[in-house]
Amino acid sequence: MEKKTILSGIQATGNLTLGNYLGALNNWIEMQDKYDCYYMIADLHTLTIRKDPEELRKNTLSLIALYIAAGLDPDKNTIFIQSHIPAHSCLSWVLNCYTYMGELNRMTQFKDKAAKHADNINSGLFTYPVLMAADILAYNADLVPVGDDQKQHLEITRDIAERFNSIYGETFKMPEAYIGKVGARIMGLQDPTAKMSKSSPNELDKILLTDTPEDIRKKFKKAVTDSENVVRYDRETKPGVSNLMAIYGIIKNKTMEEVEKEFEGAGYGNFKSAVAEAVVQRLEPLQKRYYELLENPEKLKAIYEKGDKKASEKANKMLKEVYTKIGLVVD
Ligand code: TRP
């Protein structure tokens, strides 16, 4: 049987957090043997918010290094840079003509970002989900691993695909969102009711993948819990402790029940240092590989060039089919 196709990407916006790693990258690694995986660096999406050019270039390369350091095997996965495949932008333009303003207006992420960047509500920010739809549909992806903040973008992708298919006949596959286990959403350490975000101004709220062991220990020590002093999973009434349990559970591959048992009677102090040690142990080898790769830009280049080539063949084929169906002259 042919392997199913997976596509996902992360925006090239600098330092990733433990949330990105446990919620995204870590799930991707489990998929590399079972699926035909395409993982891109979403550099075009980052342009919707003003970026320093040099920094964007640097972030793009370091994100590739991080993909590999986290365990994505470049021989098993197609790792590529979004902007290197012009078919994404071309398809995005076409799909824009099959997407309604009213639909885009309902996107909660657009509303959030527009409120946050009131001085730069550009049309790229508005049509961001259409470029994402193009990313996904260009590869006939069956599954798209995303955090639950991206679910709405996947729904609009399906709506656009369905609309196009109903006019021109079966063209795009219907992609499904793949929301990982407990890890789909790692919350902030200081505000466990909001997603751990790399853009959070509070350093204590997030663990960066490049944090030193001392920083990691300090941040977990200061993580917000509650006054019950019992390690019990309840996202509603104990969001802080539940988030720490989720982090520990993913790293140790344990269910929440098993974590509860392990820390019965342990108290928060012991529990927090166990979580911190688990994270330190997991990140140390990752950081070592990451820094080694950054020293070796030729190797990184060879990886994305290989990925770019495979990705562009697939995406160009789809673009040609779409152009033909809508009436553009292709040959
Ligand atoms: N918008 C996604 C995010 O911010 C990143 C992304 C861009 C993506 N294109 C994609 C994710 C295609 C999955 C599939 O997280």
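Numbers given for residues are sequential positions, taken from 1 along each chain in its written order. Only residues with pLDDT of at least 70 get local features here, since the model is predicted, and only at 80 or more are side-chain atom pairs given and counted; chain-wide, interface and lining totals rely on the full set of residues. Note that the side-chain values use all heavy atoms of the structure and ignore hydrogens as well as water.

## Comments concerning the overall build of the protein chain
Step number 1: Note on conventions: DSSP H or I runs of at least 4 residues are helices, E runs of at least 2 residues are strands, and numbering of each starts at the N terminus. When helices and strands are tallied, the protein chain shows 13 helices and 5 strands.
Step number 2: In this treatment the radius of gyration is a C-alpha quantity, and the globule benchmark scales as 2.2 Å times the residue count to the 0.38 power. The globule rule puts the C-alpha radius of gyration for 331 residues at 20 Å, and the 21 Å found for the protein chain is close to it.
Step number 3: Overall, the C-alpha framework of the protein chain stretches about 70 × 45 × 45 Å when taken along its three principal axes.
Step number 4: Looking at the protein chain as a whole, 50% of its 331 residues are labelled buried.
Step number 5: The contacts of the protein chain with a sequence gap of at least 6 include a subset with a gap of at least 24, amounting to 75%.
Step number 6: Using the Shrake-Rupley algorithm and a 1.4 Å probe, accessible areas are obtained, with residue cover drawn only from the displayed protein chains. Summing over all exposed atoms, the protein chain offers an accessible surface of approximately 15900 Å²; the carbon and sulfur share of this is 51%. Exposure classes here rest on a 1.4 Å probe applied to the protein chains alone. A residue is buried below 20% of its type maximum, exposed above 50%, and partly exposed in between. Contacts: residue pairs with any heavy atoms within 4.5 Å of one another.

## Looking at helix 3 (residues 53-69)
Step number 1: For helix 3, which comprises 17 residues, the first-to-last C-alpha distance of 24 Å matches the rise-based estimate of 24 Å (1.5 Å per residue) to within 8%.
Step number 2: Taken together, the buried positions of helix 3 are occupied by Leu 56, Asn 59, Thr 60, Ser 62, Leu 63, Ile 64, Ala 65, Leu 66, Tyr 67, Ile 68 and Ala 69. Here the expected length of a helix is defined as 1.5 Å per residue gap, with one fewer gap than residues.

## Describing empty space enclosed by the protein
Step number 1: In this analysis, the protein atoms alone were mapped onto a 1 Å grid. Cavities are point sets where a 1.4 Å probe fits without being able to get out; pockets are open sets with protein on both sides within 12 Å along at least five of seven lines; lining residues have an atom within 4 Å of a point. Grid points are joined across faces, edges and corners, and a volume is the space filled by probe spheres set on the points. Taken as a whole and assessed by the stated rule, the structure comprises 1 cavity of 30 Å³ or more.
Step number 2: Computed from the structure, the largest cavity encloses a volume of approximately 50 Å³.
Step number 3: Taken together, Met 107, Gln 109, Phe 110, Lys 113, Leu 125, Tyr 128, Pro 129 and His 153 make up the lining of the largest cavity.
Step number 4: For the lining of the largest cavity, the secondary-structure elements that each account for two or more residues are helix 6 (108-116) and helix 7 (123-137).
Step number 5: The classification used treats Ala, Val, Leu, Ile, Met, Phe, Trp, Tyr, Cys and Pro as nonpolar, Asp, Glu, Lys and Arg as charged, and all other residues, Gly among them, as polar. Of the residues assigned to the lining of the largest cavity, the class counts are 5 nonpolar, 2 polar and 1 charged.

## Concerning the site of the ligand
Step number 1: Around the ligand sit 14 residues, and of these Met 40, His 45, Tyr 128, Asp 135 and Gln 150 come closest.
Step number 2: Pairs of N or O atoms are called polar contacts if they sit within 3.5 Å, as long as, within protein, a hydrogen donor faces a hydrogen acceptor (for residues adjacent in sequence, only side-chain-to-side-chain pairs). Contact between the ligand and Gln 150: a nitrogen atom at 3.1 Å from a side-chain N or O atom of the residue.
Step number 3: Isolated, the ligand exposes 370 Å² of accessible area, and the fraction of that covered by the protein chains is 89%.
Step number 4: Taken together, the elements giving at least two residues each to the shell around the ligand come down to strand 1 (5-11), strand 2 (36-42) and helix 7.
Step number 5: When the residues that make up the shell around the ligand are grouped by side-chain class, the tally is 8 nonpolar, 5 polar and 1 charged. Working definition: residue near molecule or strand if any one of its non-hydrogen atoms lies within 4 Å of it.

## What about the packing of helix 1 (residues 18-31) against helix 12 (residues 267-294)?
Step number 1: Relative orientation of the contacting elements helix 1 and helix 12 amounts to 75°, with a least axis distance of 13 Å. When the axis of helix 1 is compared with that of helix 12, the two are roughly perpendicular. Of the residues in helix 12, those touching helix 1 at Leu 18, Tyr 21 and Asn 26 are Val 279, Arg 282, Leu 283 and Leu 286.
Step number 2: Looking at the contact of helix 1 with helix 12 residue by residue, the class counts come to 5 nonpolar, 1 polar and 1 charged. Comment: axis = line fitted to C-alpha atoms, over the contacting stretch for helices; angle = value between 0 and 180 degrees taken between N-to-C directions. What sets the label is the angle itself: under 35 degrees gives roughly parallel, over 145 gives roughly antiparallel, 65 to 115 gives roughly perpendicular, and the rest give oblique.

## Some words on helix 8 (residues 151-168)
Step number 1: The end-to-end C-alpha distance of helix 8 is 26 Å, a good match for the 26 Å that 18 residues give at a rise of 1.5 Å each.
Step number 2: In the segment just after helix 8, Gly 169 is the residue with positive phi, at about 85°.

## Details of the packing of helix 1 against helix 10 (residues 239-252)
Step number 1: The contact between helix 1 and helix 10 brings their axes to 11 Å, and the two run at 45°. By the angle between their axes, helix 1 is oblique relative to helix 10. As helix 1 runs across helix 10, the sense of the crossing is left-handed. On helix 10, the residues touching Leu 18, Leu 22 and Asn 26 of helix 1 are Ile 247, Ile 250 and Ile 251.
Step number 2: Taken together, the residues of the contact of helix 1 with helix 10 break down into 5 nonpolar, 1 polar and no charged. Should the near helix be turned anticlockwise from the far one by less than a right angle, the crossing is left-handed, and should it be turned clockwise, the crossing is right-handed.

## So, the side chain of Glu 103
Step number 1: Mapped onto the elements of the fold, Glu 103 is located in helix 5 (residues 101-105).
Step number 2: Look past the residues within four positions of Glu 103 in its chain and what remains in contact with it is Ile 156, Asp 159 and Arg 163.

## Here we look at the state of the cysteines
Step number 1: Here, two cysteine sulfur atoms that lie within 2.5 Å of each other are counted as a disulfide. Applying the stated criterion to the full structure yields 0 disulfides.
Step number 2: Left without a disulfide partner, Cys 97 is nearest to the cysteine sulfur of Cys 90, which lies 13 Å away.

## Digging into the pattern of salt bridges
Step number 1: Think of a salt bridge as a Lys or Arg side-chain nitrogen and an Asp or Glu carboxyl oxygen that are within 4 Å of each other. The final tally for this structure, using the stated rule, is 21 salt bridges.
Step number 2: Ionic pairing is found between Glu 228 and Lys 238, a salt bridge with its closest N-O pair at 2.5 Å. Of this pair, Glu 228 sits in the loop between helix 9 (213-221) and helix 10 while Lys 238 is found in the loop between helix 9 and helix 10, placing the two residues 10 residues apart along the sequence.
Step number 3: Overall, the relative accessible area of 3% leaves Lys 238 in the buried class.
Step number 4: Between Lys 288 and Glu 292 there is a salt bridge; the shortest N-O distance is 3.6 Å. Pair noted here: Lys 288 and Glu 292 are both in helix 12, with a separation of 4 residues, about one helical turn.
Step number 5: Judged by relative accessible area, which is 57%, Lys 288 ranks as exposed.
Step number 6: A relative accessible area of 47% means that Glu 292 is categorised as partly exposed.

Worth remembering: the numbers are spatial, not functional.
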